[in-house]
Every structure is written in structure tokens, then in C-alpha cells.
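# An overview of the molecular structure
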Amino acid sequence: MALTQPVWSRVDEAHHADFIIQLSHGVYPVANKTLIDPETIRVMESTRVFRAFYAPGSYPLPDLTAIGTPPAGMSDRANAAWMLRHLWQLSHESIQPPVYYLSMVPVWWVANGLGGPFAAIYALRVISALAIAALAPIAVAVARILVPTRPEVALVAAIFAALLPGLDLNGTRISNDAFATAIGGLVVLLAVRWAAGGWTWRGAVLMGLILGAGMLVKITLAGLVPAVILSALWQPGPARWTVGLGRLVLAGAIAGACVLPWFALNLHNYGAIMPGPSLRLSDSLAVPLNAPFIPLNLAVFELTYWTGEPWGALVLAAPFAVLAGLLALMAPVGVVKLLRDRPPAAGPLAVAIVAASGMVAVSLVLPVLADFEFVAPGRYAYPALPAIAALFAIGVCMVLANKVARRAAVAIYAAMAVLMVTASAAGFPRAPEAGSGAPPASAAVEVATASSSFGGVAIDVQRVAFDSIGGATWLQVKVTNSGLNQAEWTVPPYITDGDVSAIGDYLKSTHLPGALDPGQAVTGWLYIPLDPARLHAGSLHVRFQDVAVDGYRMVGDINLDVPLTAIRTP
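These numbers come from a predicted model, not from an experiment. (Residues numbered from 1 in each chain as written. Predicted model: local features only at pLDDT ≥ 70, side-chain atom pairs only at ≥ 80, totals over all residues. Heavy atoms only, no water.)

All right, on to the pattern of salt bridges then. Following the criterion strictly, the structure yields 13 salt bridges and no others. Measuring nitrogen to oxygen at the nearest pair gives 3.1 Å for the salt bridge that ties Asp 341 to Lys 337. Separated by 4 residues within a single helix, Asp 341 and Lys 337 lie in helix 15 (residues 330-341), roughly one turn from each other. Since its relative accessible area comes to 37%, Asp 341 is described here as partly exposed. (Salt bridge = Lys/Arg side-chain N within 4 Å of Asp/Glu carboxyl O. Helix = DSSP H or I, 4+ residues; strand = E, 2+ residues; numbered from the N terminus. Buried < 20%, exposed > 50% of the residue type's maximum accessible area, 1.4 Å probe, protein only.)

Written out as C-alpha cells, the structure is:
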């Protein structure tokens, strides 16, 4: 997966790499001020990957001659629109703690010097792969501690840890996730192992150093702190509370001392110990909590935990997530059955449960802290993978008591996981190809008259084409910027026709520019994945979102109602 997934991975790999490149050039980047390094831009140009989570070719190529920092005084809406189009210009992953990136600078120097940037990219990816490879043996160790009399639990835990397509996809790109996951796994192992009376003063120092280093790799490892607290306090003997508390305080003081320099650096750069709340580096607007968000958050977490991001990047993602989710539901039942039938050491099991719960909670709560600008990424729970895998294994082995049924379920899981990563290595699913940029000759074309404008940008819909064979509708538009400054617009429109809606597909449309110079006019066809058979006679509502003029001082939509006749077939 490290060698075969495309460069760049669309989960911010370019900007994680840029942090390393900036440091290799002696620059400590500031997320909202430091422009992306030219070395990173050259790789972006060759791969056509600029925006995170967007496929190459699905948006207008940016103007590389007009790179700058965000305009001052923007509204929240204008800021979100600017970030959607220009966030790639900023070295924005520099909001992360620096330890991973600093440690990779020597690797970048050597590999880049020997084989260029692509050699360096693959070298860093292989290091990430080696880091996450540690999780399977750690999961085996945790499972053996929790259920020492059931060796099959350790085997199943190894399968859940090693054959996890989401981890194999997202953990093998350039990012701090791999190191955070490996360090988190070590914290989980020590906390589980020491929960039965293994804490010493030397161990407290070690735990403080490891946890502190981990939070300097990715601050979300703080989700393991409750498990560490429980482990330290779950000690046998009459003096367990006082001694355990003393060792916990020592470990906490050391971990805190590790992260204090980063907090001080953030105060200097951003005016806050955590840079996130003081910045707006999102292409989404804050929204209030609503009822549909909760099941969506849970569904996305479950899907991306098993199959990674971007959604659907691996074949069979949805059915695999369903299968794995059903197996995961056995975990609480299996734990209860284990406690009833074969009482294990209570401390290690409780610590494993708290470790898993803590990292899952971090994943689910982060969107809340960000005002629901995004949904929960399952990869944030991977630092607790050894505990999660062991608990899932306990569930499968205790619930599926029949050996044949248990082996069949695990074999199906493993076979699907192997198929998914193998298909990915072979280049499946295939990336969508660009279309012709115009409707086919068989499409029925009718003249349309609809026009609207905003801030000197006028959009005229001149013709509509109905491609009944291809199940698509096309709009021919003319866009004119009569203003005195450059204007930007979202090329694919949002279309509604009663209860039917669709979003234009830039990849299949005429590749119109997203930025228009003063006096510039462009004409082209826009592809709408909307079957003409679903349209109603009357009018088609077309909305071009977030047209930005006057240096993003004004941002608004252009809305048009395109009249339609009854013609739907050639």
C-alpha cells in the first residue's frame, strides 16, 4: 500500500510532506502564513492533486502564478470559499506537533538527494508502513495478557490488527498518524500489562516519556490518558492509592513537560496553546448540531475505521464495513461472557476497554469541538488498535463457540481484507476519466434564455442538451467578468428540479477556469448527472455557489431558472 497508492494521497499527504520539506529548508512554517514550498508544488503539478479529498481533475487547476495568504477581513463564508479553492497554498499541517516531522528531515535529505522527491516520498511511506506493522505483535501481546488461556484470541487479534484495510491505506501515507498509532499501541500495551501491579517509579518515568513523546507526535493521543490513569491507580496492596497516585503524578508531570515547549511555540505563533481554535483553516462553515448528524457521524466513523479515507477509495468498502461491524458488535457480548465464564484479571481488561473507548470518543467528539465542520475520521482511533483488536477477538471467540463457524467468519473477513488491498495495489477502483467536455451528437438540444449576475460576474445559460442515452443533462453557459478585479466562481453548479437534485461534474464538463480576469469571458458545456427522464416540464433551477469578487470582500450565489420545453429525447 505504501508503494502503490497514488501520490499524493488525498488525505493531506502533500501538506504533511510540506511540513517536512519546510523544516529541511530551515523554515518552521506557520499554518495561516507560510506558503507551500516550491518543491511540494512541483510534485502537485505532476500529480494534479492540489485539494485534499478531491480527485484530480474534479476541479479547475489553480493559477500557480497567483499564490498568496488569505485576504484580511473575510467573513466566515468568504473564508470557507477561499479555503476550498486556496487552502492548498498554505503549509497548514504545521498546526501539528513537530516531533514526527523533525525526525523525518534527515530521511528526506538523504532520499531526495539520492533519487529526487518521489524517492523521498516512498521512503517516508515505507517508514510509516514499518511503524504500523508493529501493531499486530502488540495486539497479540495485549490479547495474551487479557486471555492467557485462549491462544486463538491472540491469533484473531493479530488478524484484526494486520488485515485492517483502513489502516493499511491511511497509515502508509506521509503523515504523523503512523508514528502516533505505533506509540499509542505501546502506551496501551504498557498500561494493560502494568494494571495488575506492574507500576514502578522507573515505569512511571518511562510512561511519562512515551506518552509525552506520543502527544508531541499527535496531540489526540491524550485520549489514552484515562487508560493510563486507571492503570496507575489499579494497584494491589493496602497503599495502592497513594503509591499509584504518586507514580501517576510523576508520569503526568513528565508528559506535561514534554508538550510545554510546543504549547509555548503555539502561543508565539497563534496566540493560543492549541492552534486550532484560533484559526479558520476549513472549507466548511460551522453549523449547529442537528439530529441527522449523530447517525451520520457514527456511520462515517465505522466506515472509515475499517476502510479508510477518502470514502470508497478501496473496492468493497461498504460490504466489508458491514461485515466487520457485525463482528465488532460481538465484542461487548464476548466480554460479558468472558467475565461470567472465565474471570480474567479485572484490571488489564478494564484498562483495555477504557483505552479503546477513549480513542473512539476522541474521534467522535472532535467534530463537536470544530462546530460540526466535518464528520468523525475512524483513523483517529488507531492508536488504541491493540486494545480494540483484542476486544474484537474476544467477542468473536466467545460468541462463536463453534470452531467451524468462528474460523469461517474470520476467514471471510481476512479474505475480503486481502482482496481489498490487493485490488488497490492493482489500481482498482479505476480513477474516473475525463469526458468529452461537450454533449454527444445524439443529444437533443434546445435554446435557453436565462441570465443572472453578482458583483460584475454574469452567467448566461444559452442552450440545454438532453442526453437520454447517457442519462445526463448539459448546460451551455457563458461567464463574463465585467469587474475591475479578478473574480472566482464554483464551476460545477447545483441543480434542482422539484424533488430532483444533482451537482455538476467538472471532470466531464468543459474545463472552464475557476478564476476570471477583468473583462474575461468564457463559454463551455457543463455536465449534470441528471437523467432527462427525471426532469419536469417548466424550469430548472441552477445555482452557482460562492462567486467571489473584490478580493473576497463580496461572496454570493448566482441563481438562474432555466425554462424547459417538453423535449426530452433525440
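Another point: the pairing of strand 5 (residues 494-497). Burial along strand 5 is one-sided: the face carrying Ile 495 and Asp 497 is buried and the face carrying Tyr 494 and Thr 496 is not. As judged from the 4 bridges shared by strand 5 and strand 6 (residues 500-503), these two strands associate in the antiparallel manner. By the bridge assignment for strand 6, Tyr 494 is matched with Ile 503. The turn joining strand 5 and strand 6, which pair antiparallel and follow one another in sequence, is formed by 2 residues; a positive phi near 70° is taken by Gly 498. The sheet contact formed by strand 5 and strand 9 (residues 538-549) spans 3 bridges and is antiparallel. If you follow Ile 495 over to strand 9, its bridge partner there is Val 542. (Pairing = 2+ DSSP bridges.)

What follows concerns the pairing of strand 9. Two strands pair when backbone bridges link them, and strand 9 and strand 10 (residues 554-564) are joined in this way by 10 bridges, in the antiparallel orientation. When the sheet's bridge partners are listed, Gly 538 is paired in strand 10 with Leu 564. Remark: 4 residues form the turn of the hairpin made by strand 9 and strand 10, two consecutive strands paired antiparallel; Asp 550 in that turn has positive phi of roughly 55°.

The subject of this paragraph is unusual backbone geometry. Look at the link from Glu 309 to Pro 310: it is a cis peptide, with omega at -10°. Residue position: Pro 310 is located in the loop between helix 13 (293-307) and helix 14 (317-328). That bond from Phe 428 to Pro 429 is cis: its omega, -5°, falls within 30 degrees of zero. By secondary structure assignment, the location of Pro 429 is in the loop between helix 18 (403-425) and strand 1 (444-454). Despite not being glycine, Arg 48 shows a phi value in the positive range, around 65°. The phi torsion at Phe 53 lies on the positive side, around 70°, for a residue other than glycine. For Phe 53, the location among the structural elements is in the loop between helix 2 (38-47) and helix 3 (76-86).

Before going further, it helps to examine the side chain of Glu 13. Tracing the backbone through its elements, the reader meets Glu 13 in helix 1 (residues 13-24). Not counting residues up to four positions away in its chain, the partners in contact with Glu 13 are Pro 6, Trp 8, Ile 121, Arg 125, Arg 173 and Ile 174. (Contact = heavy atoms within 4.5 Å.)

Bringing the sheet that holds strand 3 (residues 472-481) into the picture now. One open sheet accounts for 4 strands, arranged 1-2-3-8; its pairing is antiparallel. Each edge of the sheet is formed by a strand with only one pairing partner; in this case those strands are strand 1 and strand 8 (521-528). Pairwise comparison of adjacent strand axes, ignoring direction, gives a mean angle of 20° for this sheet. As paired strands, strand 1 and strand 2 (residues 457-467) are joined by 9 bridges and run antiparallel to one another. Of the residues in strand 2, the one forming a bridge with Ser 452 is Ile 459. (Axes fitted to C-alpha atoms, helices over the stretch in contact; angles between N-to-C directions.)

Under the 1.5 Å per step criterion, the end-to-end length of helix 4 (residues 99-115) is 25 Å for 17 residues, consistent within 8% with the ideal 24 Å. When the local axis directions of helix 4 are compared, the greatest deviation, roughly 35°, occurs at Val 105, which is followed within four positions by the proline Pro 106. Looking only at helix 4, the buried set comprises Tyr 100, Tyr 101, Met 104, Val 105, Trp 108 and Ala 111. Gly 116 occupies a position one or two residues after helix 4 and carries a positive phi of about 90°. (Expected span 1.5 Å × (residues − 1). Bend = angle between axes of the 7 residues up to and from the residue.)

Here we take up the packing of helix 13 against helix 16 (residues 346-369). Running from N to C, helix 13 and helix 16 point in directions that differ by 135°, and their axes come no closer than 11 Å. As judged from the angle between their axes, helix 13 and helix 16 are oblique. Seen along the crossing, helix 13 lies across helix 16 with a hand that is right-handed. Note on element contacts: helix 16 touches helix 13 through Val 360, Ser 363, Leu 364 and Pro 367, opposite Phe 293, Asn 297, Leu 298 and Phe 301. Across the contact of helix 13 with helix 16, the residue classes break down as 6 nonpolar, 2 polar and no charged. (Parallel < 35°, antiparallel > 145°, perpendicular 65-115°, else oblique. Left-handed = near helix turned anticlockwise from the far one by under 90°. Nonpolar A, V, L, I, M, F, W, Y, C, P; charged D, E, K, R; others polar.)

Bringing the nonpolar core into the picture now. One finds Trp 8, Ile 20, Leu 146, Phe 160, Tyr 305, Trp 306 and Ile 394 to be the most contacted residues of the largest nonpolar core, which totals 120 residues. For this core, the element with the most residues is helix 17 (residues 385-399), which contributes 12 residues. When residues no more than four places from it in sequence are discounted, the contact partners of Trp 8 are Glu 13, Ala 14, Ala 17, Thr 40, Val 43, Met 44, Thr 47, Val 49, Ile 121, Arg 125 and Ile 174. Counting 34 residues, the second largest nonpolar core, distinct from the first, contains Val 477, Val 491, Tyr 506 and Leu 564. (Core = buried A, V, L, I, M, F, W, Y, C linked by side-chain atoms within 4.5 Å.)

Assignment of secondary structure puts Leu 391 in helix 17. Residue classification places Leu 391 among the buried residues on the basis of a relative accessible area of 9%. Considered as a pair, Leu 391 and Ala 352 are 39 residues apart in the sequence and their alpha carbons are 7.8 Å apart. Excluding residues within four positions of it along the chain, Leu 391 makes contact with Ala 331, Val 335, Leu 349, Ala 352, Ile 353 and Ala 356.

So, about the packing of aromatic side chains. Tallying each qualifying case throughout the model produces 20 aromatic pairs. Ring centres of Tyr 100 and Phe 179 lie 5.0 Å apart, and the angle between their planes is 80°; this geometry places the pair in the edge-to-face category. Placement of Tyr 100 in helix 4 and of Phe 179 in helix 9 (residues 177-194) is noted, with a sequence separation of 79 residues between them. Both residues of the pair, Tyr 100 and Phe 179, belong to the buried class. Centre to centre, the rings of Phe 320 and Tyr 413 are 5.0 Å apart; their planes meet at 40°, and the pair counts as tilted. Remark: Tyr 413 occurs in helix 18 and Phe 320 occurs in helix 14; sequence separation between them is 93 residues. You can call Phe 320 buried: its relative accessible area is 0%. An aromatic cluster of at least three residues, connected via ring pairs, comprises Phe 160, Phe 301, Tyr 305, Trp 306, Phe 320, Tyr 382, Phe 392 and Tyr 413. When the ring centre of Tyr 54 is taken as origin, the NZ or CZ atom of Arg 51, which lies over that ring, is 5.7 Å away. (Phe/Tyr/Trp six-rings, centres within 6.5 Å; stacked < 30°, edge-to-face > 60°. Lys NZ or Arg CZ within 6 Å of the ring centre and 35° of its normal.)

In a regular helix each residue adds 1.5 Å, so 12 residues correspond to 16 Å; helix 7 (residues 151-162) covers 17 Å between its end C-alpha atoms and thus fits that length. Along helix 7, the residues that are buried comprise Val 153, Ala 154, Val 156, Ala 157, Ala 158, Phe 160 and Ala 161. Each element contacted by the buried residues of helix 7 is listed here: helix 6 (135-146), helix 8 (165-170), helix 13, helix 14, helix 17 and helix 18.

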